[in-house]
Every structure is written in C-alpha cells, then in structure tokens.
Amino acid sequence: MVRPRIGRLRIALVSLLLTVSACASGARDMADAKAAPASETAVAKAMQPVSDSARYAGFPLPRPVGFVNDFAGVVPAETQRMLADTLERIQKSTGGDIVLVTLPDLAGIPSEVIARRIGIEWRIGAQDGPARHAGVVVLIAPKESSSDGRGYCRIELGDGATPFISDSLAASLCRSATPAFVLRNYGEGMRLIALELARRYRARFGRS
C-alpha cells in the first residue's frame, strides 16, 4: 500500500452547523522530527508534537489505513475506492499528500488539535523534494454521531501546501461541502473537497 505523508500544519475550520472560522497558527508550533521507526500502516516522515496535542494525548487515535480513513462509517465503499485511487495518483505524481479522515466523535477536543495529532502521530509528511511539507489532512466529524450534536470539517495544511492552498480556500472548501454533509452525503462532500485539493496539487506541480 502506498503510504501517505504530511508536513507541518496550518489550520482552517468550518463547523458543519452554522459556525465558520479559520486560523493559521499551527504551523509554527511544529518542527521536523529526526529519525523515527516506521508504522504498520501509515506513513513516512515524522513531526514533533505540539503542546495542545500533549494536553489531549488521552484521546485515542485509530491506526491509519491509507488515504481514506472512514472510522465514522459514513463514506460508501465505492466512493472510498475512487478517492483512494485519486489520492494515490496525486502522491505518486506530485509527492504531496491528501489524507481523508472521519471520526464519529471528537469528545469535546478542538478539531484543530485532533487534525494536528493525526499529522503528528501518523507521521505523515515528505521532508524533502519539491513537495516538502506539502500535505493536507481533511477531518470530518458527522453531527449524527457527535456527542455535542454538531458536525465538523477541518482542513489542516502543511507549510508546503499553503503557497497554493490558502486558509480561506480551505474554509471555503468545507463550506461548499456543507450542503452534502447536511444531507448526510458525506462521501459526496469529501469527494468535492478532495478533487479540488487534487486539482490544486496538479496545477502547482505541473503534473497529471
């Protein structure tokens, strides 16, 4: 299985109910890790954790399974296969990574903290080459399974991705997918986000 990678992260958030916000503070909190052992399923290249991640370390993250990690069970299998194939091609052709994750509940923890921990603990991220730190985590928590009754969409950007994917664009992508999420069509919402991100990678790196 091709293993996804993501670099240091920045933040963009959209709550799937009515609240929409974005910020760009996470990137400076992360430093490149040195050598680290390989994981069973995910990942190449590590990053050091940030203080917020340490504060919420008790929240257990599942082990990654690839480019599409539907732990909430809301994305149809056919859509998962299509998305995984698209994202694998992006990694092979550009060196950049887009990893999609759904979790049933965030347990009251800020979505940016969990998205950042995913990047850290799954050790996603190219450390060199044209796509250095050019990675993205797309995190979705469906409102139907969320303990606070709210849904979340957060797009966490690596430093290498911010020149061609801005925080405002990331927030806009979550916003554009919200109608699909409201209809519980999470596969379609994630497809819209992933395909636009993939288009940005191709345009940036000039590859198919």
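Residues numbered from 1 in each chain as written. Predicted model: local features only at pLDDT ≥ 70, side-chain atom pairs only at ≥ 80, totals over all residues. Heavy atoms only, no water.

Undergrad: Would you explain the pairing of strand 6 (residues 152-158) in this entry?
TA: Note on strand geometry: in a regular strand, side chains alternate between the two faces of the sheet. Judged by how many residues are buried, strand 6 sits mostly within the fold: seven of seven residues are covered. Pairing of strand 5 (residues 135-141) with strand 6 involves six bridges; the strand directions are antiparallel. The residue bridging Val 137 from the neighbouring strand is Glu 156, located in strand 6. (Buried < 20%, exposed > 50% of the residue type's maximum accessible area, 1.4 Å probe, protein only. Helix = DSSP H or I, 4+ residues; strand = E, 2+ residues; numbered from the N terminus. Pairing = 2+ DSSP bridges.)

Undergrad: Please clarify how helix 3 (residues 111-121) should be interpreted in this entry.
TA: An α-helix turns once per 3.6 residues; consequently, residues spaced three or four apart project the same way. When you tally the buried positions in helix 3, you get nine out of eleven residues, the bulk of the element. Those residues of helix 3 lying buried are Ser 111, Val 113, Ile 114, Ala 115, Arg 116, Arg 117, Ile 118, Gly 119 and Ile 120.

Undergrad: Could you clarify how one ought to interpret the environment of Gly 73 in this entry?
TA: In this structure, Gly 73 sits in the loop between strand 3 (68-70) and helix 2 (77-94). On the accessibility criterion, Gly 73 (60% relative accessible area) is exposed. Sequence-wise, Gly 73 and Leu 103 are 30 residues apart; in three dimensions their C-alpha atoms are separated by 8.4 Å.

Undergrad: I would appreciate a short explanation of the nonpolar core in the present structure.
TA: One recurring pattern in soluble globular proteins: nonpolar side chains tend to sit buried together. Ranked by size, the top nonpolar core spans 33 residues in total, and within it Leu 100, Val 136, Ile 155, Ile 165, Ile 193 and Tyr 201 carry the most contacts. Looking at this core, the elements with two or more residues in it are helix 2, strand 4 (97-102), strand 5, strand 6, helix 4 (167-182) and helix 5 (186-205). Per element, the largest residue contribution to this core is eight residues, and it comes from helix 5. When residues no more than four places from it in sequence are discounted, the contact partners of Tyr 201 are Ile 90, Thr 94, Gly 96, Asp 97, Ile 98, Ala 134, Gly 135, Val 136, Ala 161, Phe 164, Ile 165 and Gly 206. In this structure, Val 99, Leu 106, Ile 124 and Tyr 152 belong to the second largest nonpolar core, which totals 17 residues. (Core = buried A, V, L, I, M, F, W, Y, C linked by side-chain atoms within 4.5 Å. Contact = heavy atoms within 4.5 Å.)

Undergrad: Sorry if this is basic, but what is going on with the pairing of strand 5 here?
TA: With respect to burial, strand 5 is a largely interior element, seven of its seven residues being buried. As paired strands, strand 4 and strand 5 are joined by six bridges and run parallel to one another. Bridge pairing links Leu 100 to Val 138 in strand 5.

Undergrad: Mind showing me how you'd approach the packing of aromatic side chains here?
TA: Note on aromatic pairs: each is described by the distance of the centres and the angle between the planes. According to the stated counting rule, one finds five aromatic pairs in the structure shown. An angle of 75° between the planes, with centres 6.4 Å apart, marks the rings of Phe 71 and Trp 122 as edge-to-face. Placement of Phe 71 in the loop between strand 3 and helix 2 and of Trp 122 in the loop between helix 3 and strand 5 is noted, with a sequence separation of 51 residues between them. By relative accessible area, Trp 122 is classed as buried at 4%. (Phe/Tyr/Trp six-rings, centres within 6.5 Å; stacked < 30°, edge-to-face > 60°.)

Undergrad: Help me understand the pattern of salt bridges, please; the structure alone is not making it clear to me.
TA: Pairing of side chains with opposite charge becomes possible as their charged atoms draw close. The full count for this structure, using the stated rule, is eleven salt bridges. Across the pair Asp 85 and Arg 89 runs a salt bridge whose closest N-O atoms are separated by 2.1 Å. Here Asp 85 pairs with Arg 89, and both are found in helix 2, just four residues apart, close to one helical turn. Judged by its relative accessible area of 39%, Asp 85 falls in the partly exposed class. In this structure, the salt-bridge partner of Arg 191 is Glu 188, at a minimum N-O distance of 2.8 Å. Within this pair, Arg 191 and its partner Glu 188 are both found in helix 5, separated by three residues, close to a single helical turn. With relative accessibility at 26%, the residue Arg 191 sits in the partly exposed group. Via salt bridges that share partners, Glu 112, Arg 116, Arg 154 and Glu 156 belong to a single interconnected network. (Salt bridge = Lys/Arg side-chain N within 4 Å of Asp/Glu carboxyl O.)

The values reported here are purely geometric and, on their own, carry no functional implication.
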